[in-house]
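Chain residues, written in single-letter form:
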Amino acid sequence: MDDYKFLFKVVLVGNAGVGKTCLVRRFTQGLFPPGQGATIGVDFMIKTVEVGNEKVKLQIWDTAGQERFRSITQSYYRSAHALILVYDISSQPTFDCLPDWLREIEEYASNKVLRILVGNKIDREDREIPADVGEEFAERHNMYYLETSAKESDNVEKLFMQIAEDLMKQARTRDLPRYDSNNQTLDGKTSTISDSSCCSRLQ
Amino acid sequence: MRRHMLVGGAARRLIGPFLGSPEGRPFPPNNNNNPFERSLRQLSGAGALPQLTKDRYPQVKRRDFAELNEKHLGYFKNLLGENRVITDKDECQGFNIDWLKSVRGYSQCILKPKTTQEVSEILKFCNDNRIAVCPQGGNTGLVGGSVPVFDEVVLWTGLMNDIISLDENSGVLVCQSGCILENLENFADERDLMIPLDLGAKGSCHIGGNISTNAGGLRLLRYGNLHGSVLGVEAVKADGEVIDCTSALKKDNTGYHLKHLFIGSEGTLGVVTKVAIQCPPKPRALNVAFLGLESFDDVLACLRQAKRQLGEILSSCELIDNPSLDAVTSHLNLKSPISVYPFYMLIETHGSSCDHDEEKMHGFLESCMSDGLVRDGTTTNEIGKMKAIWELRESITEGLLHDGYVFKYDISLPTREFYSLVPVMRERVKDAVRVCGYGHLGDGNIHLQVTLKEFNEEVLRIIEPFIYEYTAKLRGSVSAEHGVGFRKPKYIHYSKSPGAINLMKQLKVMMDPKGILNPYKVIP
């Protein structure tokens, strides 16, 4: 097993077609795959980065944005250290859906999770959402804000490195949500299932 | 209701249809349940027939069986009617050649019984007259076990295709042995059950053949092998006596468990005519993950995690090495969902609750990534993508054929050694186009393949018997799920002790003293 100091789980969410997979591929492989099909289910990969001479592993979960493939449930959010909520700056509908995504995040994710709002596709000339509108939305919801272009590789590295640095800081101050997926024991609990009226009749 | 169907057995059907041979080469569509039309078409299209077995293997001598005469044919025609006794040379052809086109007999008589009683009368007559018989089902075997070596009469089970009963409480299905596996699957599916056996050849293979060869398949890991799920068998001995072991009971310890003699004995001890098989409920939740790994040690660690964390829902755990996947992506134009790694694992779960299974799958993936075992992967429960992922695994056999000639080996090894044979073989066969391994990691069963531009006798001698000696040294099996058939009796000693082989011979003599049932097969 290789040697690393921290391991963080980063989950990307947002509408279909906003460029989540492209952001991940750009960051992990340095590629911009054009004409990518929709993600179905969840893709996951590991990327090791260095922050201040220390190795940090990012476990990146790239989810499907399409309603009918939205297989991502509770379990994916619950153990996330950072959530990247992505919209497309040239598509108003993807911005309008942000409150829906936030509701889901509120419901499932830890309240200590690091939340980043990303306006992607700044290489496009048909912008519909001005940067200050995005920033204002992020501020109101207590999120970091960043605009990126997976295509031109703008701010992509910065996005993930910023997350790694921030999470490291949090971890050092022990402010990180802790969980351990392997920590299951057989000390179960027993609940009695009965219909009380029926029981009282028997007594 | 429709949605529910899609998540259950229909998904299995959707995932399966492109499967072909037990390893996955697709068969042409076979809608009329008559494999011989298909065979004839293939033969006429393909031109060259395989060499007659008697010429290719001159050391195998025809035993002292009767030559078929008019009197014999008269008896059969009287018993079955003209239409169910095939003597036309062209019509016989498809029954004489195996699926791999590696062997060819010259039987001039195909019998098509419909009932156990007819099978019994055929065998009694053949035994009395010393006529050799080759039982045949869907003819999808890979070791030449289902076609005649010389002129044995072929007893084809295809008309014995009645489904007799299905008890929806116990899940026990009773049917005749000539039912096509896929038809049984569809029948069970409509009743929210499944057949505990799934293999590529399901569109053609008969359940009787599956049982006679103890077929394995893709989900043996979860549903066990046929010695467990087949509750009862009715078989006819060489002398025509019907042995009824069709108990439909899960527990029945009265005397010797004779049904096991007919499971995997490849038609040499009796002809299976009826089957009772236990069908589990069909899963309501399916999940598939496709993972990229750096080393075989990581693969082993991942397998242990999968068993521990996915536990009872784990239904398949397959390994694919990079050269195997490359055969599919470069020759068949299929796309891998993840980047290139030395090893890939395909993991599938069958369960009864989507949320529960997904949570487990997620927990498993997360710990694999945290431990650094899995570098890249994808998971889904969407039917189209699950199908696309399975297709990568199922198309390997077909992809390899594009390399040229393929030497195929089906070997069981201790899990620790599962992959060890591949690098060793790669070192030995330097001229190979490709040496690759893939298969049922969860069951310790690897399909090792060596491909060449064309067949080469010298290379064969480099591979064999070395591969069998190597397997024997590690206490593996030289035939994991394909059986012995005609092509492997001389290698059986690598996996079975002299005492065991001797007892097999004694059993054969006792149950078939004249040796008329599927001669020249299995027993060395």
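Residues numbered from 1 in each chain as written. Chains lettered and ligands numbered in written order. Predicted model: local features only at pLDDT ≥ 70, side-chain atom pairs only at ≥ 80, totals over all residues. Heavy atoms only, no water.

Enquirer: Any chance you could explain the layout of surface pockets here in plain terms?
Expert: It is a probe the size of a water molecule, rolled over the atoms, that shows where empty space is left. Residues and elements named next belong to chain B. Empty space within the largest pocket amounts to approximately 1400 Å³. Looking at the largest pocket, it is lined by 41 residues, and the ones nearest its centre are Arg56, Tyr57, Ser102, Tyr405 and Arg487. For the lining of the largest pocket, the leading source of residues is strand S14 (residues 405-412), giving six residues. A breakdown of the residues in the lining of the largest pocket according to their chemical character gives 22 nonpolar, six polar and 13 charged. (1 Å grid on protein atoms, 1.4 Å probe; cavity = no way out; pocket = protein on both sides within 12 Å on 5 of 7 lines; lining within 4 Å. Points joined across faces, edges and corners; volume = space filled by probe spheres on them. Helix = DSSP H or I, 4+ residues; strand = E, 2+ residues; numbered from the N terminus. Nonpolar A, V, L, I, M, F, W, Y, C, P; charged D, E, K, R; others polar.)

Enquirer: Where do I start with the sheet that holds strand S8 (residues 242-245) of chain B in this structure?
Expert: Each strand in a sheet pairs with its neighbour through backbone hydrogen bonds, running either in the same direction (parallel) or in the opposite one (antiparallel). Residue and element names in this part refer to chain B. Spatial ordering of the open sheet is given by S5-S6-S9-S7-S8, a layout of five strands whose pairing is antiparallel. Bordering the open sheet on either side are strand S5 (163-167) and S8, each of which pairs with just one other strand. In this sheet, neighbouring strand axes are inclined to one another by 10 degrees on average, regardless of whether the strands run parallel or antiparallel. Of the pairings in the sheet, the one linking strand S6 (residues 172-176) to strand S9 (residues 271-278) comprises five bridges and is antiparallel in character. By the bridge assignment, Val172 is partnered in S9 with Gln278. (Pairing = 2+ DSSP bridges. Axes fitted to C-alpha atoms, helices over the stretch in contact; angles between N-to-C directions.)

Enquirer: Would you mind going over the interface of chain B and chain A with me for this structure?
Expert: Accessible area lost on assembly of the parts is the figure often given for the size of an interface. Counting from both sides, the interface comprises 25 residues of chain B and, opposite them, 29 residues of chain A. Both faces considered, chain B and chain A share a buried interface measuring about 2200 Å² in area, 49% of it formed by carbon and sulfur atoms. The largest share of the area that chain B buries against chain A comes from His362, Glu366 and Met369 of chain B, three residues that together contribute 28% of it. Between chain B and chain A we count three salt bridges in total. Salt-bridge contacts for Lys385 of chain B lead to Asp43 of chain A; the nearest nitrogen and oxygen are separated by 3.4 Å. Between the two partners, chain B and chain A, sit twelve residue pairs in polar contact (both at pLDDT 80 or more). Elements supplying a minimum of two residues to the side of chain B that touches chain A: helix H15 (354-370) and strand S13 (374-380) of chain B. At nine residues, H15 of chain B tops the list of elements feeding residues into the side of chain B that touches chain A. (Contact = heavy atoms within 4.5 Å. Buried area = accessible area lost by both parts, 1.4 Å probe. Salt bridge = Lys/Arg side-chain N within 4 Å of Asp/Glu carboxyl O. Polar contact = N/O pair within 3.5 Å; in protein donor to acceptor, adjacent residues only side chain to side chain.)

Enquirer: Can you walk me through the sheet that holds strand S2 (residues 110-111) of chain B in this structure?
Expert: Residues and elements named next belong to chain B. Ordered by their spatial adjacency, four strands build an open sheet running S1-S2-S4-S3, and the pairing between neighbours is mixed. Edge positions in the sheet fall to strand S1 (85-86) and strand S3 (133-136), since each of these pairs with one other strand and no more. Note: S1 against S2, two bridges, orientation antiparallel. Along S2, the bridge assignment pairs Val85 with Leu111. Each of S2, S3 and strand S4 (153-156) touches helix H7 (residues 116-128); the most contacted strand, S4, lies at about 165 degrees to it.

Enquirer: What exactly am I supposed to notice about the environment of Glu398 of chain B here?
Expert: Positionally, Glu398 of chain B belongs in helix H17 (residues 396-401). Residues Glu398 of chain B and Val328 of chain B, spaced 70 residues apart in sequence, show a C-alpha to C-alpha distance of 7.8 Å.

Enquirer: Where do I start with empty space enclosed by the protein in this structure?
Expert: All names here are of chain B. Applying the stated criterion across every chain yields a total of six cavities of 30 Å³ or more. Its boundaries defined by the atoms lining it, the largest cavity holds a volume of some 530 Å³. Around the largest cavity, the lining comprises 33 residues; the ones closest to its centre are Gly141, Ser146, Gly209, Asn210 and Thr213. Put simply, the parts of the chain that give the lining of the largest cavity at least two residues each are S3, helix H9 (207-212) and S9. A total of four residues in the lining of the largest cavity trace back to one element, the largest contributor, which is H9. When its residues are assigned to classes, the lining of the largest cavity shows nine nonpolar, 22 polar and two charged. Two domains each provide a minimum of three residues to the lining of the largest cavity, namely domain 2 (51-156) and domain 3 (163-278). (Domains from an automatic or database assignment.)

Enquirer: In this structure, what is going on with unusual backbone geometry? I would like to understand it.
Expert: Among all residues save glycine, negative phi is the norm, and among peptide bonds the norm is trans. A cis amide bond links Glu464 of chain B with the next residue in sequence, Pro465 of chain B, at an omega value of 0 degrees. With a phi angle near 60 degrees, Asn142 of chain A is a residue other than glycine that sits in the positive phi range. Within the secondary structure, Asn142 of chain A sits in the loop between helix H5 (131-140) and strand S6 (144-147).

Enquirer: Could you clarify how one ought to interpret the pattern of salt bridges in this entry?
Expert: Oppositely charged side chains can form a pair if their charged atoms are brought close together. Residues and elements named next belong to chain B. As enumerated under the stated definition, the model contains 34 salt bridges over all chains in all. A salt bridge links Arg191 to Glu190; the nearest nitrogen and oxygen atoms lie 3.5 Å apart. Given a relative accessible area of 27%, Arg191 falls into the partly exposed group. If you follow the salt bridges from partner to partner, you end up with Glu185, Asp198, Lys202, Arg219 and Glu348 in one network. (Buried < 20%, exposed > 50% of the residue type's maximum accessible area, 1.4 Å probe, protein only.)

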